[in-house]
Amino acid sequence: GQNIDQPTEMTATEGAIVQINCTYQTSGFNGLFWYQQHAGEAPTFLSYNVLDGLEEKGRFSSFLSRSKGYSYLLLKELQMKDSASYLCAVRDNAGNMLTFGGGTRLMVKP
Amino acid sequence: DAGVIQSPRHEVTEMGQEVTLRCKPISGHNSLFWYRQTMMRGLELLIYFNNNVPIDDSGMPEDRFSAKMPNASFSTLKIQPSEPRDSAVYFCASNLSGGGTDTQYFGPGTRLTVL
């Protein structure tokens with residue numbers, strides 16, 4: 001099975017940097033995904049890590065340490081529109097099923 | 001390109017009624033997923049199809065829930081009879097599996113309210 005932990009809520013200031021952590025204990029691992037979900041909308045894909053290290057994509061970066069069962073999503077130059085829930089999801093060994101964490105609700109304040 | 005299409009977007013029904021949710025995956029994708037999202041339990045996988053065949057239905061809560069995928073462009077999730085605890089947002093997602101990122105793309109969801 002999979003167990004995925006994320007903080008429930010975080011607050012940050014516009015223009016700042018925020019790091020959202022995700023830890024997982026899994027019976028198998030074949031990649032970690034981050035999704036963004038605005039209130040009342042569908043999750044949308046942000047990033048993917050399967051090897052250790054940092055993946056950068058504009059203002060967003062994601063890091064993975066497989067030995068520690070740990071990932072983080074780094075959001076730079078925060079904007080008000082970044083207020084959303086951020087979901088961490090682990091893909092199993094079979095390769096196509098995702099298990100989602102409970103999500104971290106990020107509130108960006110002026 | 002059209003994304004994943006779901007209908008209806010909102011459904012309000014009374015306890016005991018049958019509910020059918022519909023999904024059209026992205027053209028060319030070979031896998032389809034049904035999820036349920038609630039505040040209490042988050043986003044949970046209900047069932048997963050690959051090439052129209054159900055691969056894993058271990059997340060289907062009970063016999064009241066059933067899902068079909070008669071062809072590559074259409075799937076249904078049926079609840080019969082519905083109960084108030086089934087109230088949730090139901091998402092359908094699809095991907096092209098077979099290596100690489102295999103990113104799942106989500107539809108807009110169906111918000112189900114069972115009174």
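You'll find the structure just up there.
As a starting point, this report considers the structure included with it. (Residues numbered from 1 in each chain as written. Chains lettered and ligands numbered in written order. Predicted model: local features only at pLDDT ≥ 70, side-chain atom pairs only at ≥ 80, totals over all residues. Heavy atoms only, no water.)

1. Description of the overall build of chain B
- Check the secondary structure of chain B and you find zero helices and 11 strands.
- In terms of C-alpha radius of gyration, chain B reaches 13 Å, essentially the compact-globule figure of 13 Å for 115 residues.
- Taking all 115 residues of chain B together, the buried fraction comes to 49%.
- Pairs at least 24 residues apart make up 54% of the contacts formed inside chain B by residues separated by at least 6 positions.
- Total accessible area on chain B stands at roughly 5700 Å², and carbon and sulfur atoms take up 50% of it.
- Charged side chains in chain B number 10 positive and 12 negative. The centres of these two groups are separated by 4 Å. (Helix = DSSP H or I, 4+ residues; strand = E, 2+ residues; numbered from the N terminus. Rg over C-alpha atoms; globule rule 2.2 N^0.38 Å. Buried < 20%, exposed > 50% of the residue type's maximum accessible area, 1.4 Å probe, protein only. Contact = heavy atoms within 4.5 Å. Areas by Shrake-Rupley, 256 points an atom, 1.4 Å probe, with all protein chains shown as cover. Lys, Arg positive; Asp, Glu negative; His and termini not counted. Charge placed at Lys NZ, Arg CZ, Asp CG, Glu CD.)

2. A few points about the sheet that holds strand β7 (residues 60–65) of chain A
Residue and element names in this part refer to chain A.
- Strand order in the open sheet formed by five strands is β1-β3-β8-β7-β6, with antiparallel pairing between adjacent strands. At either end of the open sheet lies a strand with only one pairing partner, and these are β1 (2–5) and β6 (53–57). Neighbour-to-neighbour, the strand axes of the sheet open up by a mean angle of 15°, direction not taken into account.
- In this sheet, strand β3 (residues 18–26) lies alongside β1 in antiparallel orientation, the contact comprising four bridges. Directly across from I4, in β3, lies its bridge partner Y24. (Pairing = 2+ DSSP bridges. Axes fitted to C-alpha atoms, helices over the stretch in contact; angles between N-to-C directions.)

3. Observations regarding the interface of chain A and chain B
- Taken together, the 16 residues of chain A in the interface contact 20 residues of chain B.
- Between chain A and chain B lies a buried interface of about 1400 Å² when both sides are counted; carbon and sulfur atoms form 57% of it.
- When residues of chain A are sorted by the area they lose upon contact with chain B, N96, M97 and F100 of chain A head the list and together hold 39% of the total.
- With a shortest N-O distance of 3.9 Å, D102 of chain B and R91 of chain A are connected by a salt bridge.
- Applying the counting rule to chain A against chain B returns six residue pairs in polar contact (both at pLDDT 80 or more).
- Elements with a minimum of two residues in the side of chain A that touches chain B: β4 (32–37), β5 (44–49), β9 (84–91) and β10 (98–100) of chain A.
- Looking at the side of chain A that touches chain B element by element, the count peaks at three residues for β4 of chain A.
- Across the side of chain A that touches chain B, the residue classes break down as 10 nonpolar, four polar and two charged. (Buried area = accessible area lost by both parts, 1.4 Å probe. Salt bridge = Lys/Arg side-chain N within 4 Å of Asp/Glu carboxyl O. Polar contact = N/O pair within 3.5 Å; in protein donor to acceptor, adjacent residues only side chain to side chain. Nonpolar A, V, L, I, M, F, W, Y, C, P; charged D, E, K, R; others polar.)

4. Thoughts on the state of the cysteines
- Here the structure, examined in full by the defined rule, presents two disulfides over all chains.
- Across the disulfide, C22 of chain A is cross-linked to C88 of chain A (sulfur-sulfur distance 2.0 Å). Between C22 of chain A and C88 of chain A, the disulfide has an S-S torsion of -65° and is therefore left-handed. Taken as a pair, C22 of chain A in strand β3 and C88 of chain A in strand β9 lie far apart in primary sequence, 66 residues in all. No difference in accessibility class separates C22 of chain A from C88 of chain A, as the two residues are buried.
- Linked covalently through their sulfurs, C23 of chain B and C92 of chain B form a disulfide whose S-S length is 1.9 Å. Handedness of the C23 of chain B-C92 of chain B disulfide follows from its S-S torsion of about -70°: it is left-handed. (Disulfide = S-S within 2.5 Å.)

5. Focus on the pattern of salt bridges
- Summed over all chains, the structure comprises 13 salt bridges over all chains.
- Of the charged contacts in the structure, one is a salt bridge between E56 of chain A and K76 of chain A, with a shortest N-O distance of 3.7 Å. Note that E56 of chain A is positioned in strand β6 and K76 of chain A in the loop between β8 (70–75) and β9, a separation of 20 residues in sequence.
- A cluster of three or more residues bridged by salt bridges with shared partners is formed by E62, R64, E83, R85 and D86 of chain B.

6. A closer look at the sheet that holds strand β1 (residues 5–7) of chain B
All names here are of chain B.
- Reading across the sheet, the four strands line up as β1-β3-β8-β7 and stay open at both edges, with antiparallel pairing between neighbours. Across the chains shown, the open sheet's two edge strands, defined by having one partner strand only, are β1 and β7 (65–71). The average angle at which neighbouring strand axes cross in this sheet is 15°, direction not considered.
- Taken together, the five bridges between strand β3 (residues 19–24) and strand β8 (residues 74–79) define a ladder with antiparallel strand orientation. Within the sheet, the bridge partner assigned to L21 lies in β8 and is L77.

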